[in-house]
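Working through the structure, step by step
Each chain, letter by letter, is given below.
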Amino acid sequence: MNIIAQPSAVPIQLDKQTANKRMTAGLGGGVALEWYDWNVYGVMAAFLSPHFFPSDDPTTSLLAGLAVYGAGFCARPLGAVLLGPVADRISHKRVMLISVTAMAVCSLLISLLPTYKDLGVTAAIALLIMRLIQGLATGAEAGVANAIAIELAPPGKEGHYLGLIGGTFIQLGNLGSSLVAFLVSASVAPEAMREWAWRIPFAVGGVLGLLIIYLRTTVPETLINRAMHRQDESSRIQETTGGVWTTLWSVRLSLLAVILVIGSVQIANYAWNTGLPNMANTVFKENSTYVYGIMTLMVLIWMSTAPLVGTFADKVRPSRAFTLLRLLLIPCFFLTLLYSEKGIVTFFFVTVFGGAIVGFNMALYNFIATTLMPRAVRTTGVALGYALGVSLFGGTSPYLLVWLQREHIAWMFPVYGSLIALLSVLVYQIAKKRGRLYIGE
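Just so it is clear, the structure is predicted and the values come from calculations on it, not from any experiment. Residue indices follow the written sequence of each chain, beginning from 1 at its first position. The model is predicted, so local features are restricted to residues of pLDDT at least 70 and side-chain atom pairs to those at 80 or more, both for listing and for counting; the totals for chains, interfaces and linings are taken over all residues. The side-chain numbers reported here are obtained from all heavy atoms of the structure, hydrogens and water having been left aside.

1. What to know about unusual backbone geometry
Of note in this structure, Arg317 is not a glycine but carries a positive phi near 95°. Going along the chain from the N terminus, every DSSP run of H or I of four or more residues is numbered as a helix, and every run of E of two or more is numbered as a strand. Along the chain, the position of Arg317 falls in the loop between α14 (288-316) and α15 (318-333). Think of it in three bands: residues with accessible area under 20% of the maximum for their type are buried, residues over 50% are exposed, and the middle band is partly exposed, with areas taken using a 1.4 Å probe on protein chains only. Judged by its relative accessible area of 33%, Arg317 is partly exposed. Non-glycine residue His408 carries a positive phi angle of around 60°. The topology assignment puts His408 in the loop between α18 (397-406) and α19 (412-433). On the basis of relative accessible area, His408 is assigned to the exposed category, the value being 71%.

Written out as structure tokens, the structure reads:
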């Protein structure tokens, strides 16, 4: 009997390995594309803003473009509210497909969008609508991807796997946006970059979306169901959307912790990824090719170190790793004060060396947020917490950085960022003491 039973077990294991690889490709590829499409607007804001918000003052034009950038974040909580329960109750795969399709289509439309010169204020409104739709899409993406990833992670290696999905693949998307911007800027004259070449990175995101949609279509729904819908006591109550919200309310301290854990690092993320490069391109008139090259190097560091940071968290415990890295973020915020006038060397130092600390925190925050939510509402809880954290703190970060610099009160930005970072540690520790950590401790 043993000889007969053994061969039948082998192909099942191989099928599972194949399915897990396909799941990782579908999850990771979609995450990378979503963040490429999301970040490319921020990277190109200095060039597209004059076409939709013309002004004699380039800083005023940039601030208007960054306001639309921030408005996209406002739609994220609504996306989490609408799509999070659908994922928890019905189908994670459907939400994954809706999200990635919306991101790709909107990027393609932005690449073709007529400007203020052609349509007047209607062009600006259309741009805003595209960003709001993308905000709805990303509102659910983080929760879905992280909730599935934590279930697929090998026991004891959750940090490493989340570092791969929620760190490396996100940074792959950010790297792609910076790298494409660099290649386009290096390939065309500065006048062409200002006039029309800024559209190319958006078009690239739209075309790549076709490949990612295919990858996510091939992800086995059965594997997702096995991972996400185990019949334990906590999952049985999720038969209605009301059950999801009732459970989420019972762990509201965890939700607050998720909002702050995510929100505080997103202040730094969008300051380094969007605020600093746009300030360099618009306010200080740096060479855009150098700026994008430096940004590409920064994101390469983030991408390569993410799984290592996750492994570090697995070894020393997630709570210790989070507390250490988040406290290191506080002095990092004050490095932004060094870049107060034109100087590409200073920009390099602040972006690469300060950005490394930001990157370590970026590698860990998805894992930490996921550990704070029970499986029954993990998708909805992480998605809503992510959306609120990014909307309240991350989306306003580039605007605040540029505006405070213009008003000559730049010192307020690092003080603000440091206070939110410290608050995130305090609330996280309270949640830990009250037994609100569900993974890794």
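2. Brief notes about the layout of surface pockets
Cavity means a closed set of points on a 1 Å grid over the protein atoms alone, one where a 1.4 Å probe fits but cannot get out, pocket means an open set with protein on both sides within 12 Å along at least 5 of 7 lines, and lining means a residue has an atom within 4 Å of a point. Grid points are joined across faces, edges and corners, and a volume is the space filled by probe spheres set on the points. Put simply, the largest pocket is a space of about 390 Å³. Considering the residues around the largest pocket, the lining is formed by 21 residues, among which Ala46, Phe47, Arg194, Asn281 and Lys285 are closest to the centre. Those elements giving two or more residues to the lining of the largest pocket turn out to be α1 (2-52), α2 (58-74), α8 (190-197), α13 (252-283) and α14. Looking at the lining of the largest pocket residue by residue, the class counts come to ten nonpolar, eight polar and three charged. Three residue categories are used. Nonpolar comprises Ala, Val, Leu, Ile, Met, Phe, Trp, Tyr, Cys and Pro, charged comprises Asp, Glu, Lys and Arg, and polar comprises the others, including Gly.

3. Focus on the pattern of salt bridges
Basic side-chain nitrogens of Lys or Arg form a salt bridge, by our definition, when they fall within 4 Å of a carboxyl oxygen of Asp or Glu. Applying the stated criterion across every chain yields a total of two salt bridges. Glu191 is the partner of Arg194 in a salt bridge, and the nearest nitrogen-oxygen pair spans 3.9 Å. Taken as a pair, Arg194 and Glu191 lie in helix α8 at a separation of three residues, close to a single helical turn. In this structure, Glu407 and Arg406 form a salt bridge, with 3.5 Å as the shortest nitrogen-oxygen distance. On the basis of relative accessible area, Arg406 is assigned to the partly exposed category, the value being 34%.

4. Details of the nonpolar core
A general feature of soluble globular proteins is that nonpolar side chains tend to end up buried together. Counting 133 residues, the largest nonpolar core has Met44, Leu127, Trp272 and Leu364 as its most contacted members. Here this core takes 17 residues from α13, the largest share from any one element. We call two residues in contact whenever any of their non-hydrogen atoms come within 4.5 Å of each other. Apart from residues lying up to four places away in sequence, Trp272 is in contact with Pro277, Met295, Met298, Cys332, Phe333, Thr336, Val350, Thr351, Gly354, Gly355 and Val358. For our purposes a nonpolar core is just a set of buried Ala, Val, Leu, Ile, Met, Phe, Trp, Tyr and Cys residues, chained together by side-chain atoms within 4.5 Å.

5. Things to note about empty space enclosed by the protein
If you walk through the whole model with that rule in mind, you get two cavities of 30 Å³ or more. Volume-wise, the largest cavity comes out at about 50 Å³. Taken together, Val31, Trp35, Glu141, Ala142, Ala145, Asn146, Ile165, Gly166, Ile170 and Asn366 form the lining of the largest cavity. For the lining of the largest cavity, the elements supplying multiple residues, two or more each, are α1, α6 (121-152) and α7 (158-187).

6. Remarks on α14
To estimate the expected span of a helix, subtract one from its residue number and multiply by 1.5 Å. The first and last C-alpha atoms of α14 sit 41 Å apart over 29 residues, in line with the 42 Å expected at 1.5 Å per residue. Take the seven residues that end at a residue and the seven that start at it, fit an axis to each, and the angle between those axes is the bend at that residue. At Thr305, α14 is deflected by roughly 40°, the largest bend along its length, and proline Pro307 occurs up to four residues later in sequence. For this analysis, a polar contact is any N or O atom pair within 3.5 Å, provided that within protein one partner can donate a hydrogen and the other can accept it, and provided that sequence-adjacent residues contribute only side-chain to side-chain pairs. The opening residue of α14 is Asn287, an N-cap whose side-chain oxygen sits 2.9 Å from the backbone nitrogen of Thr289. Of the residues flanking the end of α14, it is Arg317, one or two places downstream, whose phi is positive at about 95°.

7. Let's talk about the packing of α2 against α6
The axes are straight lines fitted to the C-alpha atoms, using for helices just the contacting stretch, and the angles between their N-to-C directions are given from 0 to 180°. Between α2 and α6, the shortest axis-to-axis distance is 7 Å and the interhelical angle comes to 35°. Here α2 runs over α6; the crossing is right-handed. Counting all contacts with α2, which are made through Val68, Tyr69, Ala71 and Gly72, the residues of α6 involved are Leu127, Leu128, Arg131, Leu132 and Gly135. Split into classes, the residues belonging to the contact of α2 with α6 amount to six nonpolar, two polar and one charged. Here a crossing is called left-handed whenever its near helix is offset anticlockwise from the far helix by less than a right angle, and right-handed whenever the offset is clockwise.

8. Comments concerning the packing of helix α16 (residues 344-371) against helix α17 (residues 378-394)
Interhelical geometry of α16 versus α17 gives an angle of 130° and a closest axis separation of 9 Å. By the angle between their axes, α16 is oblique relative to α17. The crossing of α16 and α17 is right-handed. Of the residues in α17, those in contact with Tyr365, Asn366, Ala369 and Thr370 of α16 are Arg378, Val382 and Tyr386. Here the contact of α16 with α17 is composed, by residue class, of four nonpolar, two polar and one charged. We call two directions roughly parallel when the angle between them is under 35 degrees, roughly antiparallel when it is over 145, roughly perpendicular when it lies between 65 and 115, and oblique otherwise.

9. Focus on the confidence of the model for the protein
Known as pLDDT, the predictor's confidence for each residue is given on a scale from 0 to 100. In the predicted model, the protein carries a mean pLDDT of 84, and the fraction of residues at 70 or more is 88%. For the protein, per-element mean pLDDT is lowest for helix α11 (residues 233-236), which scores 43, and highest for α19, which scores 97. Low confidence marks residues 1-14, where pLDDT is under 50. Its contacts with residues over four positions away, or in another chain, come to zero contacts. Note on residues 229-238: pLDDT is under 50 here. Beyond four places in sequence and across chains, it has 21 contacts.

10. Observations regarding the packing of aromatic side chains
Ring pairs shown here join Phe, Tyr and Trp side chains whose ring centres sit within 6.5 Å, with only the six-membered ring taken for Trp; geometry is labelled stacked below 30 degrees between planes, edge-to-face above 60, and tilted in between. Scanning all chains against the criterion turns up 17 aromatic pairs. Each ring, one from Trp198 and one from Phe202, has its centre 6.3 Å from the other, and the planes form 85°; the classification is edge-to-face. Look at Phe202 and you get buried, because its relative accessible area is 1%. Geometrically, the ring pair formed by Phe349 and Phe353 is tilted, given 5.3 Å between the ring centres and 35° between the ring planes. In this pair, Phe349 and Phe353 are both assigned in helix α16, four residues apart and thus about one turn of the helix distant. With relative accessibility at 37%, the residue Phe349 sits in the partly exposed group. One aromatic cluster is present, formed by Trp38, Tyr41, Tyr69, Phe73 and Tyr270 through successive ring pairs. Should the NZ of a Lys or the CZ of an Arg lie within 6 Å of a ring centre and within 35 degrees of the ring normal, that charge is described as sitting over the ring. Across the ring face of Trp38, the terminal group of Arg131 is positioned such that the distance to the ring centre comes to 4.1 Å. Sitting over the ring of Trp249, Arg252 keeps its end group 4.4 Å from the ring centre.

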